[in-house]
Amino acid sequence: MIERTVAELAQALHERKISSVELTTAFLERIERHRALNAFITVDPERSLAQARAADARRAQGEAQPLTGVPIAQKDIFCADGWLTTCGSRMLANFVAPYDATVIARFNAAGAVILGKTNMDEFAMGSSNETSYFGPVKNPWDVERVPGGSSGGSAAAVAARLAPAATGTDTGGSIRLPAALTNLTGLKPSYGRVSRYGMIAFASSLDQGGPMTRTAEDAALLLNVMAGFDPRDSTSLDRPVPDYTATLNDDIRGLRIGLPREYFGEGLNAEVARAIDAAIAELRKLGAETVEVELPNSKLAVPCYYVLAPAEASSNLSRYDGVRYGYRAEGYEDLIDMYCRTRAEGFGAEVKRRIMIGTYALSAGYYDAYYLKAQQLRRLIANDFVRAFERCDVIIGPTSPTTAFRLGAKTDDPVEMYLSDIYTISVNLAGLPGMSIPAGFDAQGLPIGMQLIGKYFDEARLLNVAHRYQQVTDWHRRAPRGFE
Amino acid sequence: MSLDTNQVRKIAHLARLRISSDEAEQYAEELSRILGLIEQMNAVDTRNVEPMAHPLDVPLRLREDEVTEVDQREKFQAIAPAVEAGLYLVPKVIE
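What counts, and where the lines are drawn
- Residues numbered from 1 in each chain as written.
- Chains lettered and ligands numbered in written order.
- Predicted model: local features only at pLDDT ≥ 70, side-chain atom pairs only at ≥ 80, totals over all residues.
- Helix = DSSP H or I, 4+ residues; strand = E, 2+ residues; numbered from the N terminus.
- Contact = placed C-beta atoms within 7 Å.
- Rg over C-alpha atoms; globule rule 2.2 N^0.38 Å.
- Buried ≥ 20, exposed ≤ 12 C-beta atoms within 10 Å, placed from the backbone.
- Pairing = 2+ DSSP bridges.
- Axes fitted to C-alpha atoms, helices over the stretch in contact; angles between N-to-C directions.
- Parallel < 35°, antiparallel > 145°, perpendicular 65-115°, else oblique.
- Nonpolar A, V, L, I, M, F, W, Y, C, P; charged D, E, K, R; others polar.
- Arc of directions from axis to C-beta.
- Left-handed = near helix turned anticlockwise from the far one by under 90°.

**Quick look at the overall build of chain A**
Phase 1: Secondary structure summary: chain A contains 15 helices and 11 strands in total.
Phase 2: Judged by the C-alpha coordinates and their principal axes, chain A covers about 65 × 55 × 45 Å.
Phase 3: In chain A, 76% of the contacts between residues at least 6 apart in sequence involve partners at least 24 apart.

**So, the overall build of chain B**
Phase 1: Helix and strand counts for chain B come out as three helices and two strands.
Phase 2: Put simply, chain B runs from its N terminus to its C terminus through helices and strands in the order α-α-α-β-β.
Phase 3: For 95 residues, the compact-globule estimate of 2.2 N^0.38 gives 12 Å, and the C-alpha radius of gyration of chain B, at 22 Å, exceeds that figure by more than 25%.
Phase 4: The dimensions of chain B, computed from C-alpha atoms along their principal axes, are 55 × 45 × 25 Å.
Phase 5: Residues counted as buried form 17% of the 95 residues belonging to chain B.

**Some remarks on the pairing of strand β9 (residues 394-398) of chain A**
All names here are of chain A.
Phase 1: For β9, the tally of buried residues reaches five of five residues, placing the bulk of the element in the interior.
Phase 2: Two elements, strand β7 (residues 256-260) and β9, share two bridges in a ladder whose sense is parallel. Opposite G258, over in β9, you have I395 as the bridge partner.
Phase 3: Judged from the five bridges that link them, β9 and strand β11 (residues 447-454) form a sheet pairing that is antiparallel. Its bridge partner being in β11, I395 is matched across the sheet by I453.

**Observations concerning the packing of helix α9 (residues 301-316) of chain A against helix α11 (residues 349-361) of chain A**
Residue and element names in this part refer to chain A.
Phase 1: It is the contact of α9 with α11, at a shortest axis distance of 7 Å, that shows an interaxial angle of 100°. The pairing of α9 with α11 is recorded here as roughly perpendicular in orientation. Facing α9, whose interface residues are Y306, V307, P310, A311, A313 and S314, α11 presents R354, I355, I357, G358, T359 and A361.
Phase 2: Here the contact of α9 with α11 is composed, by residue class, of eight nonpolar, three polar and one charged.

**Here we look at the environment of I257(A)**
All names here are of chain A.
Phase 1: Checked against the element boundaries, I257 lands in strand β7.
Phase 2: Look at I257 and you get buried, because 21 C-beta atoms sit within 10 Å.
Phase 3: Linking I257 and T290, residues 33 residues apart in sequence, is a C-alpha distance of 4.6 Å.
Phase 4: Apart from the residues lying within four places of it in its own chain, the contact partners of I257 are I280, L283, A288, E289, T290, C392, V394 and I396.

**Quick word on helix α1 (residues 6-14) of chain A**
Residue and element names in this part refer to chain A.
Phase 1: By the burial criterion, the buried members of α1 are V6, L9, A10 and L13. Relative to the axis of α1, the buried residues are bounded by an arc of 100° and lie together on one face.
Phase 2: On its buried face, α1 is in contact with α2 (20-33), α3 (45-60), β6 (209-213) and α7 (216-226).
Phase 3: Following α1 by one or two positions, R16 has its phi on the positive side, about 60°.

**As for the pairing of strand β10 (residues 434-441) of chain A**
Residue and element names in this part refer to chain A.
Phase 1: Within β10, seven of the eight residues are buried, which leaves the element mostly enclosed by the surrounding structure.
Phase 2: Strand direction decides the pairing type here: strand β5 (residues 185-188) and β10, joined by three bridges, are antiparallel. When the bridges of β10 are listed, G186 appears paired with S436.
Phase 3: Here β10 folds back onto β11 in antiparallel fashion, the turn holding five residues, of which G445 has a positive phi close to 80°.

**Points about the packing of α2(A) against α3(A)**
Between two packed helices, what matters for the description is the angle formed by their axes and the separation of those axes.
Residue and element names in this part refer to chain A.
Phase 1: Look at α2 against α3: their axes get within 8 Å of each other, and the N-to-C directions meet at 155°. With respect to α3, the axis of α2 lies roughly antiparallel. Here the hand of the crossing between α2 and α3 comes out right-handed. Listed contacts from α3 to S20, V21, T24 and L28 of α2 are P45, S48, L49, A52, R53, A55 and D56.
Phase 2: Looking at the contact of α2 with α3, its residues break down into six nonpolar, three polar and two charged.

**Describing the interface of chain B and chain A**
Phase 1: If you look at the interface, chain B gives 40 residues, while chain A gives 56 residues.
Phase 2: Every element with two or more residues in the side of chain B that touches chain A is listed here: α1 (5-14), α2 (21-38) and α3 (73-77) of chain B.
Phase 3: Broken down by element, the residue count for the side of chain B that touches chain A peaks at seven residues, all from α2(B).
Phase 4: Of the residues assigned to the side of chain B that touches chain A, the class counts are 28 nonpolar, four polar and eight charged.

Set out below in structure tokens:
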């Protein structure tokens, strides 16, 4: 049962071959057995099984929806009423959310089961899942290596078959990078597609939630639940949501694939490059055409992002003051000292670095040189995509310049860590949908991810291309040894 | 652009982060490296480029000025570090 996709499990539930209680129990047991991966921060079998029982009752009444009874792991950035919701931080290590994020409410309304809350980089700031207050997550493909971040717990959980699917969030690559490093399908929707209400904020002009699954079909099933207008999120867009499963099988003959010259140059590992070339050849066999495109400003996406994201984070994280919820330090002298001690003790090193960079970039005298300059560069980066999409329907390249690196390899060098997201960040800056799908393995048996970038609100097309590719390849079916 | 420990202490104060002298030196070094990365932006001429604050070129929605939330004070205060008589407690700010 643990080997089945969400689509297959939904079918088995529909045919009453298995109950949600049986399924949920089986995954909870696997989570317990593989606790060494550190994929989950909170597991609450009683709550999960209560939801599973309710799902079975709902099905008995003939009111089931496609995901009713399917257990799904939730990134610990989504507030879920009554669940500990830590965002990977000491600051929120005691925070039991008093309300549901819209994403959680939508899964609950669909009858899905919350299988637990997954580990993540603190406040989603990291590319390796090593900044979590609750310790690093291990990559099931090699437990000496990182699963990628920031949605590393979700990635490890799905890759190790501890959950059939999970949610993630992506501010600069936090769904796509871990998906690539653990052989998953991960989709970051267009900015505005999935509600950010109750999704703990990092950088509000970039953050977007999305599914992390084993197949494109499963991603479509999850996105069908997650996507949609939400009046409680001022950046949610009121646009119709298609049935993302309806177009999965569409023919891709004549599809124009743009290959950005800048994504295949210096810095790209040769084995990754070969795998992506082979995957593109496979898409050509399905009738797609390729054209070379240019994204000349993409090389400046990382510096641009490391102004804008910390600037927004420094503002968003000012809410953690030790007054209304979360951690409060002891032994303070006055109010200011209480704030300063609370924040010094509650936040980890990477979060503090970014708060300080952001504070500096927004401070009097430096605003134009940093923040304004980065916003102008952001426009140029977005315009590059507009021009490229005049000549193609999707853009394809690698998700990550390398496969999974060793735990601790980049923790002493923030700048080196930041460059892990060199191919993913520009997509967030532009607000476009991006996806990573399995595209092979290197000589050490580590997964390689291929990135698909679409036009605004063209998630259906990305899922269609990914699904067709998955019909003729079997990379996505492979499981890490010891977790089959 | 590199930062010295005085600048780091000033930024930390603006950000309401208490830091020790050792930490100030470490942050000065790390933040200077990050600023080195950021300054690669200067390679591009952005004169007359309209700044982009947000990926969506749509105006923010307005809504009717109506109460949409119910009172959940007790639930919300149950998770606060210190409350009394329905109020959040903080150290004395007025003598």
